[in-house]
Protein chains: 2
Amino acid sequence: MKEVIKYDIAIIGSGPAGMSAAIYAARGGLKPIVFEKGVLGGQITVTQEVENYPGFHKTLSGIELMDEMKKHADKFGTEICEEEVKGVGMQGLCKIIETDKKIYHAKTLIIATGAHPRKLNVPGEDKFYGKGVSYCATCDGFFYRDKVVAVVGGGDSAIEEAMFLTRFVKKVYIIHRRNELRAVQIIQDRAFENPKIEFVWNSEIQEVSGKDFVESITVYNKKEEKHFDLAVDGIFVYVGILPNNELIESRVELDKQGFALVDDSMQTNIPGIFAAGDIVSKKLRQVITAASDGAIAAWSAEKWITIHQENDETDLKTCELPK
Amino acid sequence: MKEVIKYDIAIIGSGPAGMSAAIYAARGGLKPIVFEKGVLGGQITVTQEVENYPGFHKTLSGIELMDEMKKHADKFGTEICEEEVKGVGMQGLCKIIETDKKIYHAKTLIIATGAHPRKLNVPGEDKFYGKGVSYCATCDGFFYRDKVVAVVGGGDSAIEEAMFLTRFVKKVYIIHRRNELRAVQIIQDRAFENPKIEFVWNSEIQEVSGKDFVESITVYNKKEEKHFDLAVDGIFVYVGILPNNELIESRVELDKQGFALVDDSMQTNIPGIFAAGDIVSKKLRQVITAASDGAIAAWSAEKWITIHQENDETDLKTCELPK
């Protein structure tokens, strides 16, 4: 039988949402544990330059920022567990977290597993990630002043972010595999009016090329069955963002895209299960919004425990911490 | 006639919400202006020790944190205007901001004027602020391990925060002017069960005393018409938080307590007017949640401008920036 270890708050994911939740939980007198199966710090750690987390005005890497957050969580006594969570269950109100090694019981659970962009899966995409390939115009647009970029996609996000990029760049190619957009009409109208935007219809990127940095893309026009190259300094890929919801999809109420629906306490439809960060159904996915979610989730979890822990009608006592 | 100066985004308030909005707006290629009538940095600048803004693991003062945020906004070219906004109006979709000196036109407006705690207005309260007098248990509870504190108030916040404080302190007096609580029943039940909490009914604090730090409070029991002293290391005042909503109360939809109601883009009921930070109707008021609000509001304002600026049916052209 696997060993059972007890916590107030189990946090799955160690990105900005998870770390912020840990800081607030530990500083709030609770015993949190953070599970991380991959790289400590989450998706932001693959980012070379973060310059929009308010207060950190000196540009730093995602790894450096998350190192500061980890030190912050350490300061108040957060336990980090580098095991992969295999399943999440409930025993009454008590949450059961099973990893490949052990079983953990927690009074509350914060899901901060994040999301990841859908990739094009073409040669050069990974090689030039952070060197001209980006999945976030809000994050990286500022680095492309007076440059030429391509945006891939035809939905609301693709077109909105292409419009946003025209505030900086000389020219934006919007490369879309169909001959019409999926974006809402008013956004389409604005894009068609914008002199900096050129549409490349019925087309897909086949390859991303360059030396140290992106220099060109090879495009295939499916209708005309022709390949051609476009000189660009960067590519913004907007073909979807996918929630890392494998652990919760059968249990927690999700939106159409699979992101967790939460109330203003960051609580999901399951009592005592909260969600925070990119996994949440919301408008803007940034380090600052994730960190805010994490703080709210931990604060709410503390209130939830206070209300429920003395209640004999629940099974929360099965996950009471040892005295 | 007053001079008219034009901006993309006018931000009223220079606390964490306003500064974060400025950082996101300026880095997003827009021209923002931040109005501040008082101390640059807002209410947090009166805080001696901030240790829960994720990433800043070395304890710093509110002034130091806001200085970092101001440098961050400066880096991307934010204009700070130390004039007092006297009124806010609309001309079609264009927002008019009138100060004692000038008139400003902006395409969008972010209200980040904050809130302030209702004070007891008793001798010693101001003198010992930050030295034993606090209005935020989430912020300062951690500093009171194994101490004796008093909480003033009888509503949900007062009782919830008293419960929260029992995670750290030896004892909490809840001092309430009536002989029953206003808090919801389940929270009351938990508080009555908690052995660390002692209720002091029908009572008001008359004075806060100490040398360098709070040492005692003088309490007056109205029913028994008696004064007595209690030895405490700290007081947490929870008799209400008041939104700084003077500029918007006639225009923007507010909740019952006077906080601004916003959608998930931080937009109020008025097109192109956003709110961020403590002025917003929400659960948790912290630097991190305010900074997140500001980022979302600025991001949303950019999208709003993109959609509306080319629309001839509106009057937004009257606040177009000079080319």
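This one's a predicted model, so the numbers in the text were calculated from it and none came from an experiment. All residue numbers refer to positions counted from 1 along the written sequence of the respective chain. Naming scheme: in the order in which they are written, chains are lettered from A and ligands are numbered from 1. Only residues with pLDDT of at least 70 are given local features in this predicted model, and only at 80 or more are side-chain atom pairs given and counted; all residues enter the totals for whole chains, interfaces and linings. The side-chain figures draw on all heavy atoms in the structure; neither hydrogens nor water molecules are used.

So what's going on with the overall build of chain A? Residues and values would help.
In this text, helices come from DSSP runs of H or I with a minimum length of four residues, and strands from runs of E with a minimum of two, each type numbered from the N-terminal end. The number of helices and strands found in chain A is six helices and 17 strands. Taken over the C-alpha trace, chain A has a radius of gyration of 22 Å; the compact-globule value for 323 residues is 20 Å, and the two agree within 12%. Taking the principal axes of its C-alpha atoms as reference, chain A extends roughly 70 × 35 × 35 Å. In chain A, which comprises 323 residues, the proportion classed as buried is 60%. Using a 1.4 Å probe, accessible areas were evaluated by the Shrake-Rupley method; residue-level cover was limited to the displayed protein chains. Accessible surface computed for chain A: about 13600 Å², of which carbon and sulfur atoms make up 47%. If you average the places of the 40 positive and of the 48 negative side-chain charges in chain A, the two averages end up 1 Å apart. Radius of gyration: C-alpha atoms only; globule rule: 2.2 Å multiplied by the number of residues to the exponent 0.38. The classification of residues rests on relative accessible area computed with a 1.4 Å probe and restricted to protein chains. Under 20% of the type maximum is buried, over 50% is exposed, and intermediate values are partly exposed. Here the positive residues are Lys and Arg and the negative ones are Asp and Glu; neither His nor the chain ends is included. For charged residues, the charge sits on one atom: NZ in Lys, CZ in Arg, CG in Asp, CD in Glu.

Which residues make up the sheet that holds strand S9 (residues 148-152) of chain A, and what are the values?
Residues and elements named next belong to chain A. One open sheet accounts for five strands, arranged S8-S15-S9-S10-S11; its pairing is parallel. Looking at strand neighbours, the two that pair on one side only are strand S8 (133-134) and strand S11 (197-200), the edges of this open sheet. A pair of strands counts as paired when DSSP detects no fewer than two bridges linking them. In this sheet, strand S10 (residues 171-175) lies alongside S9 in parallel orientation, the contact comprising five bridges. Counted as the bridge partner of Val149 is Val172 from S10. Of the strands in this sheet, S9, S10, S11 and strand S15 (234-237) touch helix H4 (residues 156-165), which is tilted by about 170° from S9. A contact between two residues is defined here by any heavy atoms of the two lying within 4.5 Å. Here an axis means a line fitted to C-alpha atoms, over the contact stretch when the element is a helix, while the angle between two N-to-C directions is reported on a 0 to 180 degree scale.

Can you lay out the packing of H4 of chain A against helix H5 (residues 185-193) of chain A for me, pointing to particular residues and giving the numbers?
All names here are of chain A. In the contact formed by H4 and H5, the axes pass within 10 Å of each other and the chain directions differ by 35°. The two elements H4 and H5 cross, and the hand of that crossing is left-handed. Side by side, H4 and H5 meet where Asp156, Ile159, Glu160 and Met163 of the first sit next to Ile187, Arg190 and Ala191 of the second. In the scheme used here, Gly and all other residues not listed as nonpolar or charged are polar, with Ala, Val, Leu, Ile, Met, Phe, Trp, Tyr, Cys and Pro taken as nonpolar and Asp, Glu, Lys and Arg as charged. A breakdown of the residues in the contact of H4 with H5 according to their chemical character gives four nonpolar, no polar and three charged. Left-handed describes a crossing in which the near helix is turned anticlockwise from the far one by less than a right angle; the clockwise case is right-handed.

Requested: an account of the relation of the copies chain A and chain B, with residues and values cited.
The fit set for superposing copies consists of C-alpha atoms from residues with pLDDT of at least 70 in both; the fit itself is least squares. Take chain A, turn it by 180°, move it 0.0 Å along the axis, and it overlays chain B with an RMSD of 0.0 Å. Both chain copies can therefore be described as sitting about a two-fold axis. In terms of proximity to the rotation axis, the leading residue of chain A is Ser292 of chain A, whose C-alpha is 3.0 Å off the axis. Of the interface residues in chain A, 100% have counterparts in chain B that sit at the interface too, so the contact is made through matching surfaces.

So, the packing of aromatic side chains: which residues are in play, and what are the values?
Aromatic rings in a pair are described by how distant their centres are and how their planes are angled relative to each other. Pairs were defined over the aromatic rings of Phe, Tyr and Trp, the Trp ring being its six-membered one, requiring ring centres within 6.5 Å. Orientation was assigned from the angle between planes: stacked under 30 degrees, edge-to-face over 60, tilted for the rest. In the structure shown here, the tally under the stated rule is 24 aromatic pairs over all chains. Seen from their ring centres, Phe192 of chain A and Trp201 of chain A are 6.4 Å apart, and the 50° between their planes marks the pair as tilted. For Phe192 of chain A, a relative accessible area of 44% corresponds to the partly exposed category. For Trp201 of chain A, a relative accessible area of 24% gives the class partly exposed. Taken together, the ring pairs connect Tyr53 and Phe56 of chain A together with Tyr53 and Phe56 of chain B into an aromatic cluster. Note on geometry: a ring has a charge over it if NZ (lysine) or CZ (arginine) is within 6 Å of the ring centre and within 35 degrees of the ring normal. In this structure, Arg145 of chain B is placed above the aromatic ring of Phe142 of chain B, and the distance from its NZ or CZ to the ring centre is 4.1 Å. Taking NZ or CZ as reference, Arg285 of chain B lies 3.9 Å from the ring centre of Phe259 of chain B, over its face.

Tell me about the sheet that holds strand S11 (residues 197-200) of chain B, and name the residues and values.
Residues and elements named next belong to chain B. Taken in spatial order, the five strands make up an open sheet running S8-S15-S9-S10-S11, and their pairing is parallel. Each of the sheet's edge strands pairs with one partner strand only, and the pair in question is strand S8 (133-134) and S11. Direction of pairing for strand S9 (residues 148-152) relative to strand S15 (residues 234-237): parallel, over a ladder of four bridges. Paired with Val152 across the bridge in S15 is Val237. Helix H4 (residues 156-165) rests against S9, strand S10 (171-175), S11 and S15 of the sheet, and its axis sits at about 170° to S9.

Go over the domain arrangement of chain A, please, and point to the residues and values.
Residues and elements named next belong to chain A. By domain assignment, chain A separates into domain 1 (4-116 + 241-317) and domain 2 (119-237). Domain 1 puts eight residues into the contact, and the matching count from domain 2 is seven residues. Here's the idea: put two parts together, see how much 1.4 Å probe accessible area each one loses, and the total over both is what we call buried area. When the buried surface of domain 1 facing domain 2 is broken down by residue, Glu49, Glu51 and Gln286 rank first, second and third, together holding 52% of it. Each salt bridge in this description consists of a side-chain nitrogen of Lys or Arg and a carboxyl oxygen of Asp or Glu lying within 4 Å of one another. Counting the contacts that link domain 1 with domain 2 gives zero salt bridges. Tallied by class, residues from the side of domain 1 that touches domain 2 come to two nonpolar, four polar and two charged. All the domain ranges listed were derived from an automatic or database domain assignment.

Give a detailed account of H4 of chain B, specifying residues and quantitative values.
Counting along an α-helix, one turn takes 3.6 residues, and residues three or four places apart therefore face a common direction. The buried count for H4 of chain B comes to seven of ten residues, which makes it a mostly enclosed element. Turning to H4 of chain B, its buried residues number three or more, namely Ala158, Ile159, Glu161, Ala162, Met163, Phe164 and Leu165 of chain B.

Lay out the pattern of salt bridges with the relevant residues and their values.
Within the structure shown, the criterion is met by 34 salt bridges over all chains. One salt bridge connects Lys71 of chain A with Asp67 of chain A, and the closest N-O pair in it is separated by 3.7 Å. A residue pair is termed a helical-turn pair when its members lie 3 or 4 positions apart in one helix, as Lys71 of chain A and Asp67 of chain A do in helix H2 (residues 62-75) at four residues. A residue is classified by how much of its surface remains accessible, and Lys71 of chain A, at 39% relative accessible area, is partly exposed. One salt bridge in this structure joins Lys282 of chain A and Asp293 of chain A, with 2.8 Å as the shortest N-O distance. Residue Lys282 of chain A is found in the loop between strand S17 (273-275) and helix H6 (287-308), and its partner Asp293 of chain A is found in helix H6; the two are separated by eleven residues along the sequence. Owing to a relative accessible area of 21%, Lys282 of chain A belongs among the partly exposed residues under this scheme. Via salt bridges that share partners, Glu161 and Arg167 of chain A together with Glu302 and Lys303 of chain B belong to a single interconnected network.

Just give me the short version of the side chain of Thr289 of chain A, but keep the residues and values in it.
Mapped onto the secondary structure, Thr289 of chain A falls in helix H6. Apart from residues lying up to four places away in sequence, Thr289 of chain A is in contact with Lys282 and Leu284 of chain A together with Ser292 and Ile296 of chain B.

Report on the interface of chain A and chain B, specifying residues and quantitative values.
Between chain A and chain B, the contact holds 56 residues from the first and 56 residues from the second. In this assembly, chain A packs against chain B so that about 5200 Å² is buried in total across both faces, 57% of it on carbon and sulfur atoms. Considering only the surface of chain A that becomes buried against chain B, Arg27, His57 and Arg167 of chain A emerge as the three largest contributors, covering 16% of it. Taking the shortest distance from any N to any O, the salt bridge between Glu51 of chain B and Lys75 of chain A comes out at 4.0 Å. Polar contact criterion, stated in full: a pair of N or O atoms within 3.5 Å, where within protein one must be able to donate a hydrogen and the other to accept it, and residues adjacent in sequence count only if both atoms are side-chain atoms. Our count for the contact surface shared by chain A and chain B stands at 36 residue pairs in polar contact (both at pLDDT 80 or more). When contributions to the side of chain A that touches chain B are tallied by element, the ones reaching two or more residues are helix H1 (16-27), H2, helix H3 (137-140), H4, H5 and H6 of chain A. In terms of residue count, the dominant contributor to the side of chain A that touches chain B is H6 of chain A (13 residues).

Which residues make up the nonpolar core, and what values do they have?
Tyr53 of chain A together with Tyr53 of chain B are the most contacted members of the largest nonpolar core, which totals 179 residues. Filtering out sequence-adjacent residues up to four positions away, Tyr53 of chain A remains in contact with Leu65, Met69, Val287, Ile288 and Ala291 of chain A together with Tyr53, Pro54, His72 and Ile288 of chain B. Definition used in this section: a nonpolar core is a set of buried Ala, Val, Leu, Ile, Met, Phe, Trp, Tyr and Cys residues joined via side-chain atoms within 4.5 Å.

Break down the state of the cysteines for me, with residues and values.
Note that a disulfide, as used here, is simply two cysteine sulfur atoms within 2.5 Å. This structure, assessed with the given rule, holds two disulfides over all chains. At a sulfur-sulfur separation of 2.1 Å, the disulfide partner of Cys136 of chain B is Cys139 of chain B. Disulfide Cys136 of chain B-Cys139 of chain B: torsion about the S-S bond near 70°, hence right-handed. What makes Cys136 of chain B buried here is its relative accessible area of 17%. Between Cys81 of chain A, a free cysteine, and Cys94 of chain A, which holds the nearest cysteine sulfur, the sulfur-to-sulfur gap is 16 Å. Given the relative accessible area of 6%, Cys81 of chain A is considered buried.

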